[in-house]
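# Chain and residue survey
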Amino acid sequence: MKTTPQKRQRRHNPLFNRRGFLKTTLQASAFASVAPMVVHGAVLGRDGGVSPSERIVMGGIGIGNRGRYVLSCFLPHPDVQFVAVCDVQQKRRESVKKMIDDQNGTKDCSMIQDFREVLARTDIDAVLIATGPNWHATLATMAAKAGKDVYCEKPCTKNIAQSLLLRDVFRRTGRVFQAGTQRRSLPNFMFAIDLARFGKLGKLHTLYAHPGGLDPKQSGWLPAEPEPEKEVVDWNMFLGPAAWRPYNKKLMDAFNFEKGGGLVGGGCLEWGSHCVDLCQWANNADDTAPIEYEPKDGQLHAKYPNGVKLIMRNDGWLKMGSCPVRFEGETGWVETGDNADIAASDPALLVGRGAKIAGYPADFHVRNFLDCVKSRGMTRANADVACQAHIACHAANIALYLKRQVHFDPVKNVFIGDDEANRLRSEALREPWRI
Amino acid sequence: MKRTKNFSLLGATVLFLTIAQATFAADSGNESAADKQRKFIAILKSDAPPQDKAIPCKQLAIYGNKEAVPALAPLLADKELSSWARIALEAIPGPEADEALRTAVPKLQGLLLVGTMNSIGVRRDAKAVDILAGKLTDGDVEVVASAAAALGKIGGKQSAKALNQALSSASKQTLPVIAEGCILCAERFLADEKFTDAAQLYDAVRKADVPLQRKLEGIRGAILARQSDGIPMLLEQLRSPEKAEFGMALRTARELPGSATTEALSAELKRVTADRQVMLLLALADRKDSAVYPKLLETAEKSFKATRVATLGLLDRFNNVSAVPVLLNGAIDEDADIAHAAKSTLTRMEGKKIDAALMDRLPKSSGKTRQVIIELAALRRIEAAVPVLLASAVDADPGVRRAALATLSSLGSEKQVGDLVSLISKAKSADDRDGAEKALAGICGRTGTKAVALVLPLTKNNDSELRKSGLRVLAMAGGPEALGAVTAAVNDSDESVQDEAVGTLATWPNNWPEDGAVAEPLLGLVKTGKKRSYQVQGARGYLLYVQENKKLSNADKVKAIDDLLPLLKQPPEKRLAISALGGIPSGKSLDSLSTLAGDPAIAEEASLAIVNVATTKGLQGVSKEARQKALQTAIANSKNEATRTKAGEALKSIK
């Protein structure tokens with residue numbers, strides 16, 4: 001009897017087979033890791049003390065829950081010093097100041113309400129941007145134009161036009177940019193990607209990305225509520241580049257406000273900005289994007305210029321935690337996710353997989369950013385890379401929104417013969433903001 | 001929400017649109033784009049409140065054409081709706097939208113003017129250059145900045161002229177923003193390959209008294225616009241003592257095309273200081289120009305540590321077989337960072353040529369080099385290495401032996417099992433024996449039952465350690481013969497072998513149903529295990545078998561556990577059963593748990609499990625009464641306030 005592909009996968013999946021799991025562990029530990037180095041500290045002489053002139057002085061902008069976590073990944077590095085926190089909410093400013101002051105052993109961290117004051121400070125080299133997605137691209141590009149390097153949470157852009165502008169601004173300004181897609185710096189994802197990139201799976205034919213949803217959203221307007229004092233909540237600054245609407249407390253969830261896009265956002269951007277990004281890398285496609293996108297059977301099917309298929313799907317995954325990806329080639333496959341397990345068609349593929357670091361920490365990604373600030377090198381999730389990965393997600397969202405196939409030209413960055421789709425590539429920013 | 005009578009016809013649609021964060025998929029119904037446009041225009045022209053007009057503006061960005069422009073244009077002066085109107089006006093094609101934006105400029109001030117000019121910039125309306133140029137001397141810096149940026153985005157000689165003139169006469173406040181417009185305009189020239197025009201503007205900025213960041217952008221552009229003639233300027237920047245200028249030079253070094261640039265940068269490597277050398281190497285490698293390869297190879301071989309580590313890690317980008325000797329040399333370096341970088345690169349490099357280069361060296365190699373090549377054979381999965389591996393498994397060098405056995409584990413087949421069984425029997429050290437066992441386990445794990453017959457003699461060896469190795473290897477293979485041997489070993493004459501056999505059975509591969517036969521010996525352990533620990537391990541293994549056997553229905557699973565319960569004597573074992581029952585969402589499991597809740601020693605665990613099962617989302621086939629009864633049992637038997645509260649809330653929610 002023929003076995004279905006799914007059955008074959010299960011049979012070979014170490015997670016469904018304790019023997020396989022033991023086998024995997026055994027083989028993975030047989031050699032020292034040859035996973036790509038996640039830090040290059042020795043290269044940059046970062047193994048000793050840090051003089052003040054080598055210290056990277058930073059400010060944090062929009063530091064809510066996620067921001068506090070990423071900030072906690074920055075603070076332990078001896079070559080970083082945070083000196084300012086900026087947020088439109090007073091409570092957050094105060095709590096993050098305490099966090100920074102406790103680390104620094106001082107009371108000096110500035111609390112700033114308007115981020116432009118942070119950008120104007122000449123003592124600040126770099127900023128951590130963890131506002132809601134509504135602000136990301138606008139703020140990141142303003143920071144670059146002010147001469148700051150930027151670590152920016154994802155999704156980094158609201159549409160295709162912003163993605164291209166983000167790329168162009170960071171090229172033009174020469175500033176260092178790291179998108180907060182930290183899976184690019186985690187050993188299990190890097191190992192799986194290397195298997196795909198360097199031919200260990202044979203010729204690639206299909207990539208799978210978990211999008212964390214395939215339901216594109218538009219944002220709108222809630223009934224007006226009494227607006228708090230500006231000092232408590234600066235509503236105008238919270239809205240920022242989003243079209244005007246009155247204050248409503250429910251909109252103060254910055255993480256979800258205009259999530260990843262106003263005209264057509266949400267959708268596959270939530271995890272896609274991670275998982276699609278990883279597929280781009282696995283396919284050596286960091287400089288391009290898929291050319292076809294089609295909603296199909298509750299999934300989104302896309303195709304790259306080199307013929308490799310990209311499938312965004314919410315189910316059908318092995319149990320490996322959030323943000324899983326799977327790469328299939330002519331001779332093998334590999335799948336991994338946030339629990340850091342790696343399953344492969346043949347456990348021998350996993351030899352040398354290196355340390356298992358679960359829970360998708362941002363520490364390594366942060367270190368990569370700091371090293372690049374010093375070396376003026378290209379980060380793993382630099383603006384060029386982030387631009388293309390986000391374009392792929394936005395184009396997919398547009399196909400989902402329009403409920404039909406769209407064809408995209410990744411050189412001209414336009415949809416081919418599709419006025420409707422092309423109009424969804426950008427959205428005006430509220431005055432006075434621009435990119 | 002305030003609504004007007006005029007919109008009763010639009011009814012639910014408009015109401016829906018005004019709910020923020022609502023989901024809007026494109027309407028796939030029969031309504032044409034023209035119909036949609038008519039509907040949205042009607043809303044905009046009405047006296048509807050602003051919240052009703054906002055989303056129609058967005059929809060007109062998709063479905064609107066010139067007919068929508070007259071309805072949108074008046075909103076440019078509306079503080080609340082201007083930003084919404086511009087969403088549509090930026091997107092609608094045709095001169096009508098351009099004209100509406102241009103016409104609005106003289107009538108607007110402050111932020112609304114800024115927003116409108118921003119939109120003109122996005123649309124790149126060349127007819128707006130004069131009107132924008134007129135705003136470069138406005139008293140409001142925001143207005144000047146917006147006009148300058150818009151002119152920069154529009155580009156062209158007319159914009160350039162206006163911006164250049166403004167730059168030379170700008171105030172201290174407006175100079176930075178006009179410089180930004182100049183840079184944007186120059187970028188447009190550069191993209192259009194109008195290099196002379198671009199260079200003039202970049203030069204104007206870099207020579208002006210502008211902020212450092214603008215100056216750096218001017219320098220970068222000035223170099224790129226000069227193409228190969230920009231190389232001297234690039235080198236000058238690379239030699240700058242200023243970190244900012246050096247940093248921008250590194251970025252520009254990645255961008256300026258041409259082999260002449262690569263050569264000049266390679267030559268520059270000798271001039272720069274050691275710390276800058278690494279940074280320049282990284283920039284050179286990012287150029288992806290094969291001309292840089294010889295220089296990188298040379299540096300990878302002969303330079304100080306930091307540079308070597310960086311360079312060795314970059315060689316895979318060129319995938320050149322001539323790098324193999326240099327990388328192998330690095331891979332055996334005593335410095336761990338150097339060795340790791342070289343070995344990682346050798347692992348990543350693609351192709352049979354690289355495999356062949358390594359295999360060519362394997363027979364002639366010895367010591368550390370031989371060890372590294374063998375490890376690479378595993379990492380690269382070079383099956384051609386297998387014949388050499390058995391010989392290497394008895395090499396005089398322990399590192400080579402260890403690597404050979406580990407590689408056999410991942411590359412070997414059943415063909416090597418006989419030799420490995422012989423090897424493990426003759427092993428002179430615990431390390432060698434361990435290595436051989438792992439090799440056997442690896443092969444048996446991959447080949448399954450094929451090699452069991454060859455392994456079985458190990459379980460009858462006089463040496464108890466070898467018998468235990470045999471059991472562990474058989475567990476990797478699975479199947480009835482292996483299971484029989486392990487079951488028999490429970491009665492081995494040596495107690496440590498018995499321990500090993502029981503542990504192996506309790507964690508027998510859960511390849512259900514193929515290995516379902518393990519249930520019987522596991523139950524046997526629970527009933528008649530010689531030690532209490534055997535009974536517990538038997539129970540644990542049996543419960544694992546029940547839980548993970550996908551062939552068993554929920555009812556079968558509960559029955560299997562119910563059958564086991566009378567054999568479980570102590571609370572710890574009973575808790576294992578409760579844990580298993582708690583993972584089975586069914587009425588039968590609720591019944592069993594309710595019974596267990598009557599035992600004071602395990603009442604808390606059982607009560608909590610009841611609550612969890614009874615509140616399982618989508619619990620099917622369980623009557624309301626059965627759930628209520630189970631929850632009441634939990635409340636009656638639990639002394640834990642949290643559990644009782646949770647059970648009480650669940651009871652209330654059952655309607």
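Presented here is an overview of the structure given in this document. Note that this is a predicted model, so its numbers are computed, not measured.

Residues and elements named next belong to chain B. Those residues of helix α34 (residues 554-564) lying buried are K557, V558, I561 and L564. Buried residues along α34 cover an arc of 120° about the axis, so they all sit on one side. Of the surrounding secondary structure, the elements contacted by the buried residues of α34 are α32 (519-528), α33 (532-548), α35 (571-582) and α36 (587-596).

What follows covers the packing of helix α17 (residues 274-286) of chain B against helix α19 (residues 305-312) of chain B. The description of two helices packed together rests on the angle between their axes and the distance between the axes. All names here are of chain B. At a closest axis distance of 9 Å, the pairing of α17 and α19 adopts a crossing angle of 10°. Considering the angle they form, α17 stands roughly parallel to α19. Counted together, Q277, V278, L281 and L282 of α17 and A306, T307, A310 and T311 of α19 form the full contact between these two elements. Per-class residue counts for the contact of α17 with α19 are 5 nonpolar, 3 polar and no charged.

Below, the discussion takes up the sheet that holds strand β14 (residues 333-336) of chain A. Residue and element names in this part refer to chain A. Strand order in the open sheet made by the 9 strands is β15-β14-β13-β7-β12-β11-β10-β16-β17, with mixed pairing throughout. Edge strands, defined here as strands with exactly one partner in the open sheet, are β15 (342-344) and β17 (414-415). Summarising the sheet, strand β16 (residues 406-409) and β17 pair through 2 bridges and their orientation is antiparallel. Bridged to F408 within β17 is F415. Against the sheet, helix α10 (residues 269-282) engages β7 (204-209), β12 (309-312) and β13 (325-329), with an angle of about 165° to β7. Packing against the sheet, helix α12 (residues 383-402) makes contact with β10 (292-296), β11 (299-303), β12 and β16, and its axis sits at approximately 45° to β10.

Further remarks concern the nonpolar core. Membership of the largest hydrophobic core comes to 343 residues, with the highest contact counts inside it found for I178, V455 and I610 of chain B. Take this core: its biggest share by element is 15 residues, from α12 of chain A. Those residues in contact with I610 of chain B that lie beyond four places of it in its chain are L590, L593, S594, A597, A630, L631, T633 and A634 of chain B.

All names here are of chain A. K154 connects to P155 through a cis peptide bond whose omega is -10°. By secondary structure assignment, the location of P155 is in the loop between β5 (149-152) and α7 (160-173). With an omega of 5°, the peptide bond running from E431 to P432 counts as cis. Here P432 lies in the segment after α13 (419-423). The phi dihedral of A340 falls on the positive side, at around 75°, and the residue is not glycine.

Cut-off values and rules
- Residues numbered from 1 in each chain as written.
- Chains lettered and ligands numbered in written order.
- Predicted model: local features only at pLDDT ≥ 70, side-chain atom pairs only at ≥ 80, totals over all residues.
- Buried ≥ 20, exposed ≤ 12 C-beta atoms within 10 Å, placed from the backbone.
- Helix = DSSP H or I, 4+ residues; strand = E, 2+ residues; numbered from the N terminus.
- Arc of directions from axis to C-beta.
- Contact = placed C-beta atoms within 7 Å.
- Axes fitted to C-alpha atoms, helices over the stretch in contact; angles between N-to-C directions.
- Parallel < 35°, antiparallel > 145°, perpendicular 65-115°, else oblique.
- Nonpolar A, V, L, I, M, F, W, Y, C, P; charged D, E, K, R; others polar.
- Pairing = 2+ DSSP bridges.
- Core = buried A, V, L, I, M, F, W, Y, C linked by C-beta atoms within 7 Å.

Purely geometric stuff here, so don't read any function into it on its own.
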